[in-house]
Amino acid sequence: MTKLHLSLSVEPIAAALCAGLLLYAARVGWRWLAARRRTAELLARAQEKKAQRESQWPDAQFGPFSDEKHGMAIVSLTATELADAIRNKKYTSEEVVRAYCCRAKEVGKQLNMTAEACFEDAMREAKLCDRELKAGKLRGPLHGVPFSVKDQFDMKGYDSTCGLAARVFKPLERTSVLVTMLQAAGGIPFVRSNIPQCLMLPESFNAIWGTAQNPFDRTRTVGGSSGGEGGLLAAHASPIGIGTDIGGSIRIPAAFCGVVGFKPTPQRMTKHGCAVPRPKGASGQNAIAATAGPLARSVADCDLAMSIWCADHPETAADRRAGNFKTMWSSDADCPRVPWNQDESSNTTKKLKFAVIKTDGFFEPAPSYSRALDTASRGLRQSGHTVVDLAWPGMNQCALLYVALLGAEGSMQGFVDGLEGEALHPNYSFLKTIASLPGFVRTVMSCTMGLLGQSRMASLVRAGAKKDTYTFWGFVKERNLLRESLIKFLQSNEIDAVLSPGMGMPAFKHGGSVKLNQSCSYTTAWNLFNFPAGIVPVTYVAEGEDFYRRDHKDQLDAAAEKDIRGSVGMPVTVQVAAVPWKDELCMCAMRHVEKAVSSSWKPPLFTAASVDVSAPQ
């Protein structure tokens, strides 16, 4: 009787367990199939979006230059020179905009630097600018000059994809504040530029617009995340553009492509209308501040853009009631009223004191970058500036602190959420694996690496761990103390600007960022401390310089040694930084560096029929 009772009681439990397991398996299977369907759907939408763009580029209207000499004369000018030429009626805005549309289309087809094209809207606006100028009306300092826009800034009637397939075919209803201000100054947006999926690697790739290729060498990247901007400028397919920077996203493309890029003090720039690759377009990450900034082919052009954004235009009560904001601080309550002082930023007679960082102690710069730093230092001394070596002991802590703060959430969860079902690009695979390691595995792995002589890699593995609130706040405190120490050190030594390598390496080969992301330590340091910083091109990788010294003898050194081979002819730059809120001083220092290296930097030569680049001998 007892056996029968047990049999009757066990059978329903077993049946229930089996049913539960079947339901769970069905649920997992259904979710897997739904995810697969979603991924396939998003890929199809991305391909459809690119096909739509291609169909809107009629060859008859925006084909190769009909007059190569005339077209190349236009696209060889800087934005400041173009504005002068249009005002003086040497060229019409229509001529200039058409030349850049043709060039951007050609480069877009060959090198995947472009996102959405705004050619027809730009041509209509150019004709209007010409009519207004003929009638004696000048909109502002950029009257009739085209500019490119990173595919992250909102523009009415266009998508702002951030490289995410889920955001295609979702045109915006309003234009971002910074784009609007450039338009109010007479600028004409004519093309949107390529970026990486999720905006967080120093390359530019996504399922929508493809992989952007460097015009100096197609096997190498333009950088990221404002990579399309850097490439368009280098290929003379844009005279000036707008990007963003949270770890070097303006400065890395500028360094890889041999152009000028400027990252302002983040709190000085509005973020209104700048898309975020996260659900609902918002992110809770504020330990490292992102900022918008300009890219161009001259420091003067970057200075001009900043003077437009930080201009203190008068506004009436009626303007404010109508939402016709003319300044950043009236449209964004988080922006302080700090007008741009162009008398300071353009002062080419003031003698400055530069402190040189030859190495950050974490990633040794490639030989070409050390030479560029020596060239800039020597030129500055010859121009009457004071140049001293910087011996601040905290520099080698910056790279690991940046990783610790930005990777605090663990597993790259914010990035994954922002994909909305799209597959994470393979270039993120290494970072995703490291970010997702369980605590015990991470400890064993870092200890093993340390025992095997891979101490730098072991430190990176530890820094990338998910953190609880208390630990995270500890890292924020450490950053704040380090920042305070650096500012006091610079001020006590009366340093005006810091000079350092523009990057640790020349432009990576495609996919190189998988293992070489941490060679960007020279740019991430200034994001960590909210310093304004800019890139100035100096020279090219010379014969015999395409090698890397393996000082650490670890995986990072091995990746650098392999990637740098064949980089002869790639641009090499230096970086200039100043303490927070001294943006004009930083820009002034960049002007002095640009002048000091003018004999060593020769801009590349182009032909209209090809985007091939040859560096002058």
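Our structure is the block above this text.
Residues numbered from 1 in each chain as written. Predicted model: local features only at pLDDT ≥ 70, side-chain atom pairs only at ≥ 80, totals over all residues. Heavy atoms only, no water.

(A) Representation of the overall build of the protein in the model. For the protein, the helix and strand inventory stands at 23 helices and 17 strands. Relative to the 2.2 N^0.38 estimate, which gives 25 Å for 617 residues, the radius of gyration of the protein is 26 Å and therefore close to what a compact globule would have. Overall, the C-alpha framework of the protein stretches about 110 × 55 × 55 Å when taken along its three principal axes. Total accessible area on the protein is roughly 25,500 Å²; 57% of this is exposed by carbon and sulfur atoms. (Helix = DSSP H or I, 4+ residues; strand = E, 2+ residues; numbered from the N terminus. Rg over C-alpha atoms; globule rule 2.2 N^0.38 Å. Areas by Shrake-Rupley, 256 points an atom, 1.4 Å probe, with all protein chains shown as cover.)

(B) Focus on the pairing of strand S15 (residues 571-577). Of all seven residues making up S15, seven are buried, and the element is well covered by its neighbours. Judged by which residues are buried, S15 turns out to be covered on both faces: Pro571, Thr573, Gln575 and Ala577 on one side and Val572, Val574 and Val576 on the other are all buried. In this structure, strand S13 (residues 497-501) lies alongside S15, joined through four bridges in antiparallel fashion. From the neighbouring strand, valine 498 faces S15, where its bridge partner is alanine 577. With seven bridges connecting them, strand S14 (residues 533-540) and S15 associate as antiparallel partners. (Buried < 20%, exposed > 50% of the residue type's maximum accessible area, 1.4 Å probe, protein only. Pairing = 2+ DSSP bridges.)

(C) Highlighting helix H19 (residues 469-492). A rise of 1.5 Å per residue sets the reference length of H19, with its 24 residues, at 34 Å; its end C-alpha atoms lie 34 Å apart and thus fit the reference within 8%. Every buried residue of H19 is listed here: Val476, Arg479, Leu482, Leu486, Ile487 and Leu490. Contacts made by the buried residues of H19 are with helix H14 (398-406), S13 and helix H21 (521-529). Of the residues trailing H19, glutamate 494 is marked for its positive phi of about 55°. (Expected span 1.5 Å × (residues − 1). Contact = heavy atoms within 4.5 Å.)

(D) A look at the packing of aromatic side chains. Applying the stated criterion across every chain, the model contains ten aromatic pairs. Here phenylalanine 529 and phenylalanine 531 contribute two aromatic rings whose centre-to-centre distance is 6.1 Å and whose plane-to-plane angle is 55°, an arrangement assigned as tilted. Given a relative accessible area of 0%, phenylalanine 531 falls into the buried group. Look at tyrosine 540 and tryptophan 601: their rings are 4.8 Å apart centre to centre, the planes differ by 20°, and that puts the pair in the stacked class. Taken as a pair, tyrosine 540 in strand S14 and tryptophan 601 in the loop between helix H23 (583-596) and strand S16 (605-607) lie far apart in primary sequence, 61 residues in all. Each member of the pair tyrosine 540 and tryptophan 601 is classed as buried. (Phe/Tyr/Trp six-rings, centres within 6.5 Å; stacked < 30°, edge-to-face > 60°.)

(E) Molecular detail of the nonpolar core. Counting residues in each nonpolar core, the largest one holds 139 residues, and the members touching the most others are Phe119, Trp309, Met328, Leu499, Val574, Met590 and Val593. The residues touching valine 574, leaving out its near neighbours within four places in the chain, are Ala372, Leu373, Ala376, Leu499, Ser500, Pro501, Gly502, Gly534, Ile535, Val536, Val538 and Val593. Within the second largest apolar cluster, 28 residues are counted, among which are Tyr402, Leu490, Val498 and Ala525. (Core = buried A, V, L, I, M, F, W, Y, C linked by side-chain atoms within 4.5 Å.)

(F) Inspection of the packing of H14 against helix H18 (residues 455-463) at higher detail. Running from N to C, H14 and H18 point in directions that differ by 30°, and their axes come no closer than 8 Å. As far as their axial angle goes, H18 and H14 are roughly parallel. Every residue of H18 that contacts H14 at Leu400, Val403 and Ala404 is listed here: Ser459, Leu460 and Ala463. (Axes fitted to C-alpha atoms, helices over the stretch in contact; angles between N-to-C directions. Parallel < 35°, antiparallel > 145°, perpendicular 65-115°, else oblique.)

(G) Highlighting empty space enclosed by the protein. Taken as a whole and judged by the stated rule, the model has one cavity of 30 Å³ or more. Its volume calculated, the largest cavity comes out at about 40 Å³. If you list the elements that add at least two residues to the lining of the largest cavity, you get strand S8 (240-245) and helix H9 (299-309). In terms of residue count, the dominant contributor to the lining of the largest cavity is S8 (three residues). Partitioning the lining of the largest cavity into residue classes produces seven nonpolar, one polar and no charged. (1 Å grid on protein atoms, 1.4 Å probe; cavity = no way out; pocket = protein on both sides within 12 Å on 5 of 7 lines; lining within 4 Å. Points joined across faces, edges and corners; volume = space filled by probe spheres on them. Nonpolar A, V, L, I, M, F, W, Y, C, P; charged D, E, K, R; others polar.)

(H) The pattern of salt bridges, seen in detail. The final tally for this structure, using the stated rule, is 25 salt bridges. Lysine 358 is paired through a salt bridge with aspartate 389; the nearest N and O atoms lie 3.9 Å apart. Taken as a pair, lysine 358 in the loop between strand S11 (353-356) and helix H13 (367-382) and aspartate 389 in strand S12 (residues 386-389) lie far apart in primary sequence, 31 residues in all. For lysine 358, a relative accessible area of 47% gives the class partly exposed. When its relative accessible area of 52% is taken as the criterion, aspartate 389 is described as exposed. For glutamate 561, the salt bridge goes to arginine 550, with nearest N and O atoms at 3.5 Å. Separated by eleven residues along the polypeptide, glutamate 561 in helix H22 (residues 555-563) and arginine 550 in the loop between S14 and H22 bring together distant segments of the chain. (Salt bridge = Lys/Arg side-chain N within 4 Å of Asp/Glu carboxyl O.)

(I) Region of the structure containing the environment of aspartate 301. Following the sequence through the fold, aspartate 301 ends up in helix H9. What aspartate 301 contacts, discounting residues up to four positions off in sequence, is Thr78, Ala79, Thr80, Pro239, Ile240 and Ala296.

(J) Local environment of the pairing of strand S9 (residues 260-263). The alternating pattern of S9 places Val260 and Phe262 on one face and Gly261 and Lys263 on the opposite face, and all of these are buried. Sheet topology note: the S9/strand S10 (residues 291-296) ladder contains two bridges and is antiparallel. What sits directly across from valine 260, in S10, is alanine 296.

(K) Just the sheet that holds S10, in detail. Ordered in space as S1-S3-S2-S8-S10-S9-S14-S15-S13-S11-S12, the eleven strands form an open sheet in which the pairing is mixed. Every interior strand has two partners, whereas the edge strands, strand S1 (114-117) and S12, have only one. Direction aside, the axes of adjacent strands within the sheet are offset by 30° on average. Against the sheet, H13 contacts S11, S12, S13, S14 and S15, and its axis sits at roughly 55° relative to S15.

(L) Spotlight on the state of the cysteines. Scanning all chains against the criterion turns up zero disulfides. Looking at cysteine 520, it has no disulfide partner, and the nearest cysteine sulfur is the one in cysteine 257, 13 Å off. (Disulfide = S-S within 2.5 Å.)

(M) Highlighting the environment of leucine 499. Mapping leucine 499 onto the fold places it in strand S13. In the structure, leucine 499 is positioned 37 residues away from arginine 462 in sequence and 30 Å away in space, judged by C-alpha atoms. Not counting residues up to four positions away in its chain, the partners in contact with leucine 499 are Ala355, Val356, Ile357, Leu373, Ala376, Ser377, Leu380, Val574, Gln575, Val576 and Val593.

(N) A look at a positive patch on the surface. There is a patch of like positive charges on the surface, built from Lys509, Lys515, Lys562 and Arg565. In this fold, lysine 509 is placed in the loop between S13 and helix H20 (513-516). (Patch = residues over 30% accessible without salt bridge, like charges linked within 9 Å, V, L, I, M, F, W, Y side chains within 5 Å. Lys, Arg positive; Asp, Glu negative; His and termini not counted. Charge placed at Lys NZ, Arg CZ, Asp CG, Glu CD.)

(O) Molecular detail of the environment of histidine 272. Position of histidine 272 relative to the elements: it lies in the loop between S9 and S10. Considered as a pair, histidine 272 and aspartate 334 are 62 residues apart in the sequence and their alpha carbons are 10.0 Å apart. Filtering out sequence-adjacent residues up to four positions away, histidine 272 remains in contact with Ser176, Val177, Ser331 and Asp332. A polar side-chain atom of histidine 272 sits 3.4 Å from a polar atom in the side chain of aspartate 332. (Polar contact = N/O pair within 3.5 Å; in protein donor to acceptor, adjacent residues only side chain to side chain.)

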